[in-house]
Amino acid sequence: MSIFPIEQIRADFPILGETVRNKPLVYLDNAASCQKPQAVIDSIVHTYSHEYANIHRGVHTLSVRATDKFEGAREKVRAFINAASTKEIIFVRGATEAINLVAQSYGKSQLKAGDEIVISAMEHHANIVPWQMLCQQIGAVLKVAPMNQQGELLFDEFEQLLNANTKLVAITQMSNALGSINPVEKVIAAAHAKNIPVLLDGAQAIPHMAVDVQALNCDFYVFSGHKLYGPSGTGVLYGKQALLEAMPPYQGGGDMIRQVTFAKTEYAGLPHKFEAGTPAIAEIIGLGAAIDYVSGIGMDNIAAYEAELLDYATQQAERIKGLNIIGQAAHKGGILSFTLDRIHPHDIGTMLDSLGIAIRAGHHCAMPVMDFYGVPATARASFAMYNTRQEIDVLMQGIKSLIEVFG
């Protein structure tokens, strides 16, 4: 195991000291949402205690302070993903809202009947349903690039779907149900060769690897704050400035306007054009604190540590008779989806909870993935930078005891 300040990191997350059913909490539901470090909690408390006011429109001291902190968080996001300008950073409630924004603003204004949108077979519902809704609205067609039994995108088949009618590719960088990491650089290059823009769903990837949107050259990138150790109700849409400038507003209201009369309205410039109403002020500032926190540890260090955790968990799981790992892509993030012979995933989740172990059981908002593997659901243990080998041992012992109980 490489040197990684795991004890120090664990001490930064107060909830990890909790007990569940008189057992120490083993939190392995990080793909659904990550826990929050004290620095993020303190940031939110400090904002509400000392610096809270509505932003942008006020000239009084508290409003100016809150505005500076809020826009400071935008600069932190810009630097974190290496966007060219803060004008390219739109704050939203999460990756889901970001995808809906692109579908309803870019999609409705740029696509027409007969145009095609390409997604992959491993997408989260948030990167399926908004495109289906758009297709119903305008008569576009949704195409799905297939994957293999390992849970890997079949790149040749993906490339064959691209044609003169393809007007957008929307694909996950890392699957939430399987952990598969897609070859997004190749995907973007293939799409751009045919002048097709690409949206990357980075919700699952952003906490686990360094992301550089300029190096990737993606046209849109979306992620949620709550999976990046930040507050829930926060998220980011990155879009290339020229694309965002050409897009109409997604919602109307305060703060996204320059001039309003009853005859017509002039919209504000980027990024405020897409940020109608009062945002989650303290929470966005908290997202900035989360970015400071993970940046201090280093995304490459986090990725290396989590890769070792996944390797260890996979080796242990493969030794358990009757445990079937679902999704074994060669390039994979810290997600272990599995089934146990004769035991329903919901029973696995409930019984592990009695041992203080929190995992997810269900379809993980990826029903088509479950259909592909012919299972109703999977149990999913997902790892974060604060998890340990000892916690994986507790999980594996819990699974073994389950199998004994069910005989």
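Conventions adopted
- Residues numbered from 1 in each chain as written.
- Predicted model: local features only at pLDDT ≥ 70, side-chain atom pairs only at ≥ 80, totals over all residues.
- Heavy atoms only, no water.
- Helix = DSSP H or I, 4+ residues; strand = E, 2+ residues; numbered from the N terminus.
- Rg over C-alpha atoms; globule rule 2.2 N^0.38 Å.
- Buried < 20%, exposed > 50% of the residue type's maximum accessible area, 1.4 Å probe, protein only.
- Contact = heavy atoms within 4.5 Å.
- Areas by Shrake-Rupley, 256 points an atom, 1.4 Å probe, with all protein chains shown as cover.
- Axes fitted to C-alpha atoms, helices over the stretch in contact; angles between N-to-C directions.
- Parallel < 35°, antiparallel > 145°, perpendicular 65-115°, else oblique.
- Pairing = 2+ DSSP bridges.
- Core = buried A, V, L, I, M, F, W, Y, C linked by side-chain atoms within 4.5 Å.
- Disulfide = S-S within 2.5 Å.
- Phe/Tyr/Trp six-rings, centres within 6.5 Å; stacked < 30°, edge-to-face > 60°.
- Expected span 1.5 Å × (residues − 1).

Novice: Quick question: what am I supposed to make of the overall build of the protein here?
Specialist: Along its length, the protein carries 14 helices and 17 strands. For the protein, whose C-alpha radius of gyration is 22 Å, the value lies close to the compact-globule estimate of 22 Å for 407 residues. Its C-alpha atoms put the protein at 75 × 55 × 35 Å along the principal axes. When burial is assessed residue by residue, the protein has 54% of its 407 residues classed as buried. At a minimum sequence separation of 6, the contacts of the protein that also span at least 24 residues come to 70%. Taken as a whole, the protein presents about 16,800 Å² of accessible surface, with 52% of it coming from carbon and sulfur.

Novice: What should I look at first to understand the packing of helix 2 (residues 38-51) against helix 3 (residues 61-81) in this one?
Specialist: Think of two packed helices as two axes; the pair is described by the angle between the axes and how far apart they sit. Taken N-terminus to C-terminus, the directions of helix 2 and helix 3 make an angle of 160°; their axes are 10 Å apart at the nearest point. Our classification of the angle between helix 2 and helix 3 gives roughly antiparallel. Facing His46, His50 and Glu51 of helix 2, the residues of helix 3 in contact are Leu62, Arg65, Ala66 and Lys69.

Novice: Would you mind going over the sheet that holds strand 10 (residues 235-239) with me for this structure?
Specialist: Strands pair in a sheet through their backbones, by hydrogen bonds, and they do so in one of two ways: parallel or antiparallel. Strand order in the open sheet made by the seven strands is 4-10-9-8-7-5-6, with mixed pairing throughout. The open sheet has two edge strands, strand 4 (89-92) and strand 6 (141-145), and neither has a second partner. For this sheet the average axis-to-axis angle between neighbouring strands, irrespective of direction, equals 20°. Its contacts with the sheet place helix 3 against strand 4, strand 9 (220-224) and strand 10, and it is angled at close to 120° to strand 4.

Novice: Explanation requested: the nonpolar core in the structure shown.
Specialist: With 102 residues, the main nonpolar core has Ile81, Phe158, Val169, Tyr221 and Met385 as its most contacted residues. Sequence-distant contacts of Tyr221, that is, excluding residues within four places in its chain, are made with Gln173, Leu200, Gly202, Ala205, Ile206, Val211, Val213, Leu216, Val236, Leu237 and Tyr238.

Novice: I tried to follow the environment of Pro345 on my own but got confused; where do I start?
Specialist: As for its placement among the helices and strands, Pro345 is situated in helix 12 (residues 345-353). Along the chain, Pro345 and Gly277 lie 68 residues apart, while their C-alpha atoms are 42 Å from each other. Excluding its chain neighbours within four sequence positions, the residues that come into contact with Pro345 are Ala361, Ala377, Thr378 and Ala379.

Novice: Help me understand the state of the cysteines in this model?
Specialist: Working definition: the covalent bond between the sulfur atoms of two cysteines is a disulfide. All told, the structure shown has zero disulfides when counted by the stated rule. Cys34 forms no disulfide, and the closest cysteine sulfur to it belongs to Cys365, at a distance of 16 Å.

Novice: Which parts of the structure should I look at to understand the packing of aromatic side chains?
Specialist: Within this structure, the stated rule accounts for eleven aromatic pairs. Seen from their ring centres, Phe13 and Tyr386 are 4.7 Å apart, and the 65° between their planes marks the pair as edge-to-face. On the criterion of sequence distance, the pair formed by Phe13 in the loop between helix 1 (6-11) and strand 1 (19-20) and Tyr386 in the loop between strand 17 (378-382) and helix 14 (389-406) is long-range, its members being 373 residues apart. For Phe13, a relative accessible area of 1% corresponds to the buried category. Residue classification places Tyr386 among the buried positions, given a relative accessible area of 0%. Plain terms: the ring middles of Phe70 and Phe91 are 5.3 Å apart, the flat faces sit at 70° to each other, and that makes the pair edge-to-face.

Novice: Honestly, the pairing of strand 9 in this entry has me stumped. Any pointers?
Specialist: Within a regular strand, the side chains alternate between the two sheet faces. Of all five residues in strand 9, five are buried, a share of seventy percent or more. Side chains Phe220, Val222 and Ser224 project from strand 9 onto one buried face, and the interleaved Tyr221 and Phe223 project onto a second face that is buried too. As paired strands, strand 8 (residues 198-201) and strand 9 are joined by three bridges and run parallel to one another. Paired with Leu199 across the bridge in strand 9 is Phe220. Of the strand pairs in this sheet, strand 9 and strand 10 are connected by five bridges, and their pairing is antiparallel. Within the sheet, the bridge partner assigned to Ser224 lies in strand 10 and is Gly235.

Novice: Explanation requested: helix 3 in the structure shown.
Specialist: Residues that lie three or four places apart on an α-helix share one face, since the helix turns once every 3.6 residues. Taking 1.5 Å of rise per residue, the 21 residues of helix 3 would be expected to cover 30 Å, and the 31 Å separating its terminal C-alpha atoms lies within 8% of that figure. By the burial criterion, the buried members of helix 3 are Ser63, Ala66, Thr67, Phe70, Ala73, Arg74, Val77, Arg78, Phe80 and Ile81.

Novice: Teacher, can you tell me more about the side chain of His226 here?
Specialist: Its location among the elements puts His226 in the loop between strand 9 and strand 10. Among all residues touching His226, those that are not within four sequence positions of it are Ala32, Ser33, Cys34, Lys36, Pro231, Ser232 and Thr234.

Novice: Could you clarify how one ought to interpret the sheet that holds strand 17 in this entry?
Specialist: Within the open sheet, the four strands sit side by side as 13-14-17-16. Their pairing is antiparallel. Two strands lie at the open edges of the sheet, namely strand 13 (323-325) and strand 16 (360-362), each paired on one side alone. In this sheet, adjacent strand axes meet at a mean angle of 30° when their direction is disregarded. As defined by bridge partners, strand 14 (residues 335-340) adjoins strand 17 across four bridges and the pair is classed as antiparallel. Counterpart to Leu336 in the pairing with strand 17 is Ala381. Its contacts with the sheet place helix 14 against strand 13, strand 14 and strand 17, and it is angled at close to 10° to strand 14.

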